[in-house]
Amino acid sequence: MSENQNLLAEQRRTLILDEVRRRGGVRVNELTRRLGVSDMTVRRDLDALARQGVLEKVHGGAVPVVEASTHEPGFEAKSGLELSAKEDIARAAAELVPPGAAIALSGGTTTFALAHRLLEVPDLTVVTNSVRVADVFHAAQRTSGPRPGAATVVLTGGVRTPSDSLVGPVADQAIATLHFDLLFLGVHGISVEAGLSTPNLAEAETNRRLVQSARRVVVVADHTKWGTVGLSSFASLDQVDTLVTDSGLPARAREQVAERLRRLVVAGEAGTPAETGGRPEETAPGDDGPGGTTGSAPDGDDGDGPRSAGHAGEGDRPS
């Protein structure tokens, strides 16, 4: 299509990957017609996607890679995927964080993008089991020096995974003693049947502890995570308060999410985040009404400023 001729390489490759996954395979000549680019350009894009391990080249085209439920891509392999979507998601998710909040960030490339967006939010306490996320905050302090309102960062111990998360008994015990206003959770896969899942059994247990310690759970995941199921489930969709995703999430998936979650935020759509109210949120005594709908205060903010994680109301998730 002529309107696709000026697409950036990343945008072309996202379209190609979506088409491969949707149709179960594509031919080079089909992609050249659809994208309005040369045969050589398409083949270079397929080579790049094959090196990332997200599709397999075959004679005349490409097919999706069928991954085992135990396959866990490394951080570097994932960091080059869906870059624009992750930036949009990070920007929208950062708007949910009030100054002075106690938050947790799990491991993952989307939470890594979010960490960069949180550097200017004052007086945060950030707990993370991600080496990469902690490095974002520590690097900012090394570069600019100590400054008022800089985040206090707590990195759990544990065993390092291929995605640079710290998991295992040490991480689990540290998390179990803490309580967060907000948890931002990156996931390997999300589906109606399996909920949130990961291929790493130890990471699943650590993520369960994170969910249990959070008043509100916000999943940050691009549309490619929908329908993916890892080896171990660690939370159902009913345990999630908000999903922040990108505009590539199909209409049927949006309907399913809205039926089960309090809030769906679609980032990067028409230039601004779009929000859809889902299942009603429990109302604490004295509250004016349910949250989680368009125009409501950010998660963790009742309109009068942030509430401490140690002062959850009756309508909050139990710690």
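Owing to the predicted nature of the structure, the values given are computational and were not obtained by experimental measurement.

Here is what the cut-offs are and how they apply
Residues numbered from 1 in each chain as written. Predicted model: local features only at pLDDT ≥ 70, side-chain atom pairs only at ≥ 80, totals over all residues. Heavy atoms only, no water. Buried < 20%, exposed > 50% of the residue type's maximum accessible area, 1.4 Å probe, protein only. Helix = DSSP H or I, 4+ residues; strand = E, 2+ residues; numbered from the N terminus. Pairing = 2+ DSSP bridges. Axes fitted to C-alpha atoms, helices over the stretch in contact; angles between N-to-C directions. Parallel < 35°, antiparallel > 145°, perpendicular 65-115°, else oblique. Left-handed = near helix turned anticlockwise from the far one by under 90°. Contact = heavy atoms within 4.5 Å. Nonpolar A, V, L, I, M, F, W, Y, C, P; charged D, E, K, R; others polar. Expected span 1.5 Å × (residues − 1). Core = buried A, V, L, I, M, F, W, Y, C linked by side-chain atoms within 4.5 Å.

*Asks:* Could you clarify how one ought to interpret the pairing of strand E14 (residues 242-246) in this entry?
*Replies:* Successive residues of a regular strand alternate their side chains across the two faces of the sheet. Counting buried positions along E14 yields five of five residues, so the element is predominantly enclosed. Burial along E14 is two-sided: the face carrying Thr-242, Val-244 and Asp-246 and the face carrying Leu-243 and Thr-245 are both buried. Pairing geometry for strand E12 (residues 214-220) and E14, over three bridges, is parallel. Pairing of Val-219 across the sheet is with Leu-243, part of E14. Bridge analysis of E14 against strand E15 (residues 263-269) gives five bridges, and the strand direction is parallel. Following the sheet pairing, Thr-242 is matched in E15 by Arg-263.

*Asks:* Where do I start with the packing of helix H6 (residues 109-117) against helix H7 (residues 131-144) in this structure?
*Replies:* A packed helix pair is summarised by two numbers, namely the angle formed by the two axes and the spacing between the axes. Running from N to C, H6 and H7 cross one another at 15 degrees; their axes reach a closest spacing of 9 Å. The pairing of H6 with H7 is recorded here as roughly parallel in orientation. Crossing of H6 over H7 shows right-handed handedness. Contacts from Thr-111, Phe-112, Ala-115 and His-116 of H6 reach H7 at Arg-132, Val-133, Val-136 and Phe-137. For the contact of H6 with H7, the residue count by class is five nonpolar, two polar and one charged.

*Asks:* Is there a simple way to think about helix H5 (residues 83-94) in this case?
*Replies:* Along an α-helix, a turn takes 3.6 residues, which lines up residues three or four apart on a common side. The end-to-end C-alpha separation of H5 is 16 Å, in line with the 16 Å expected for 12 residues at 1.5 Å each. Within H5, burial applies to Ala-85, Lys-86, Ile-89, Ala-90, Ala-92, Ala-93 and Ala-94.

*Asks:* Which parts of the structure should I look at to understand the sheet that holds strand E1 (residues 26-27)?
*Replies:* Strand-to-strand pairing in sheets goes through backbone hydrogen bonds, with the strands running parallel or antiparallel. Reading across from one edge, E1-E3-E2 is the order of the three strands in this open sheet, with antiparallel pairing throughout. Looking along the sheet, the strands with just one partner apiece sit at the ends: E1 and strand E2 (55-58). Pairing of E1 with strand E3 (residues 61-64) involves two bridges; the strand directions are antiparallel. Counted as the bridge partner of Val-26 is Ala-62 from E3. Running at roughly 135 degrees to E2, helix H3 (residues 39-51) makes contact with E2 and E3 of the sheet.

*Asks:* What's the story with the nonpolar core in this structure? I'm lost.
*Replies:* One broad rule of soluble globular proteins: the nonpolar side chains tend to lie buried together. Membership of the largest hydrophobic core comes to 31 residues, with the highest contact counts inside it found for Ile-103, Leu-105, Leu-118, Leu-124, Phe-137, Phe-184 and Val-244. Only H5, strand E4 (102-105), H6, H7, strand E9 (180-185), E12 and E15 provide two or more residues apiece to this core. Residue contributions to this core peak at five residues, all from H5. In contact with Phe-137, other than residues within four places in its own chain, are Leu-105, Ala-115, Leu-118, Leu-119, Val-126, Ala-151 and Val-153. Among the nonpolar cores identified, the runner-up in size contains 28 residues, and Leu-185, Leu-196, Trp-226 and Val-257 belong to it.

*Asks:* How should I be thinking about the sheet that holds strand E10 (residues 189-191) in this particular structure?
*Replies:* One open sheet holds the three strands; their spatial order is E10-E11-E13, and the pairing between them is antiparallel. The sheet is open, and its two borders are formed by E10 and strand E13 (232-235), each paired with just one other strand. The mean angle between the axes of side-by-side strands here comes to 35 degrees, regardless of whether they run parallel or antiparallel. Across three bridges, the pairing between E10 and strand E11 (residues 195-198) is antiparallel. Considered in E11, the bridge of Ser-191 is made with Gly-195.

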